[in-house]
Amino acid sequence: MRVVDHCSVCGLEIARNDSGDGPAVFLIFILGFTIVPVALLVSLRVDWPLWLHVLIWGPVIMGATVGMLRPAKGVTIALQYGYRRDEFDT
């Protein structure tokens, strides 16, 4: 996902800072701890075949990951700016 070059309000150059794999790792942990228990509860309560679980939970996990990747990247860059502000100035 691409980050804008400059902040539209203050003009801070954002594109030079890289969030790396941080947002993806955060989403793996967050979504893993939230969606997997829900999928297990559904599996215990409903007797669906395995292919139906794959058909349902695969798109749910992919959609949640893609949908939350941009906000997670924004939060990661904001945290980098808050804790390592001097790297944004160089």
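Residues numbered from 1 in each chain as written. Predicted model: local features only at pLDDT ≥ 70, side-chain atom pairs only at ≥ 80, totals over all residues. Heavy atoms only, no water.

S.K.: Account for helix H2 (residues 50-83), naming residues and giving values.
M.R.: The largest bend in H2 amounts to roughly 40 degrees and is located at Leu69, with the proline Pro71 lying one to four residues further along. What H2 keeps buried is the set His53, Trp57, Ala72, Lys73, Thr76, Ile77 and Gln80. (Bend = angle between axes of the 7 residues up to and from the residue. Helix = DSSP H or I, 4+ residues; strand = E, 2+ residues; numbered from the N terminus. Buried < 20%, exposed > 50% of the residue type's maximum accessible area, 1.4 Å probe, protein only.)

S.K.: Describe in detail the side chain of His53, supporting the description with residues and values.
M.R.: One can find His53 in helix H2. Overall, the relative accessible area of 12% leaves His53 in the buried class. Every residue in contact with His53, bar those within four places of it in the chain, is listed here: Val42, Ser43, Trp48 and Gly58. (Contact = heavy atoms within 4.5 Å.)

S.K.: Explain the packing of helix H1 (residues 22-45) against H2 residue by residue, including any values.
M.R.: In the contact formed by H1 and H2, the axes pass within 9 Å of each other and the chain directions differ by 150 degrees. Our classification of the angle between H1 and H2 gives roughly antiparallel. The interaxial crossing formed by H1 with H2 has right-handed handedness. Residue-level inspection shows Pro23, Ala24, Phe26, Leu27, Leu31, Ile35, Val38, Ala39, Val42 and Ser43 of H1 in contact with H2, the latter providing His53, Trp57, Val60, Ile61, Ala64, Thr65, Met68, Leu69, Ala72, Lys73 and Thr76. (Axes fitted to C-alpha atoms, helices over the stretch in contact; angles between N-to-C directions. Parallel < 35°, antiparallel > 145°, perpendicular 65-115°, else oblique. Left-handed = near helix turned anticlockwise from the far one by under 90°.)

S.K.: Describe the nonpolar core, and please don't skip the residues or the numbers.
M.R.: Residues Leu27, Leu31, Ile35, Ala39, Trp57 and Ala72 constitute the largest nonpolar core, which totals 6 residues. Residues in contact with Ile35, not counting those within four places in the same chain, are Trp57, Val60, Ile61 and Ala64. (Core = buried A, V, L, I, M, F, W, Y, C linked by side-chain atoms within 4.5 Å.)

S.K.: Explain a nonpolar patch on the surface to me, and be specific about the residues and the numbers.
M.R.: A cluster of nonpolar residues, Val25, Phe26, Phe29, Ile30, Phe33 and Met68, forms a patch on the protein surface that exposes about 620 Å² of accessible area. With 5 residues, H1 is the largest single contributor of residues to the nonpolar patch. Within the secondary structure, Phe26 is located in helix H1. According to the relative accessible area criterion, Phe26 is partly exposed, its value standing at 45%. (Patch = residues over 30% accessible without salt bridge, like charges linked within 9 Å, V, L, I, M, F, W, Y side chains within 5 Å. Areas by Shrake-Rupley, 256 points an atom, 1.4 Å probe, with all protein chains shown as cover. Salt bridge = Lys/Arg side-chain N within 4 Å of Asp/Glu carboxyl O.)

S.K.: Now, about H1: what can you tell me, with residues and values included?
M.R.: Between its first and last C-alpha atoms H1 spans 35 Å; for 24 residues at 1.5 Å apiece the expected length is 34 Å, and the two agree. Of all bends in H1, the biggest is about 30 degrees, found at Gly32. What H1 keeps buried is the set Pro23, Leu27, Leu31, Ile35 and Ala39. Packing partners of the buried residues in H1 comprise H2. (Expected span 1.5 Å × (residues − 1).)

S.K.: Which residues make up the confidence of the model for the protein, and what values do they have?
M.R.: Across the protein, the average pLDDT comes to 85, with 91% of residues at or above 70. The weakest mean pLDDT in the protein belongs to helix H3 (residues 86-89) at 67; the strongest belongs to H1 at 92. (pLDDT = per-residue confidence, 0-100.)

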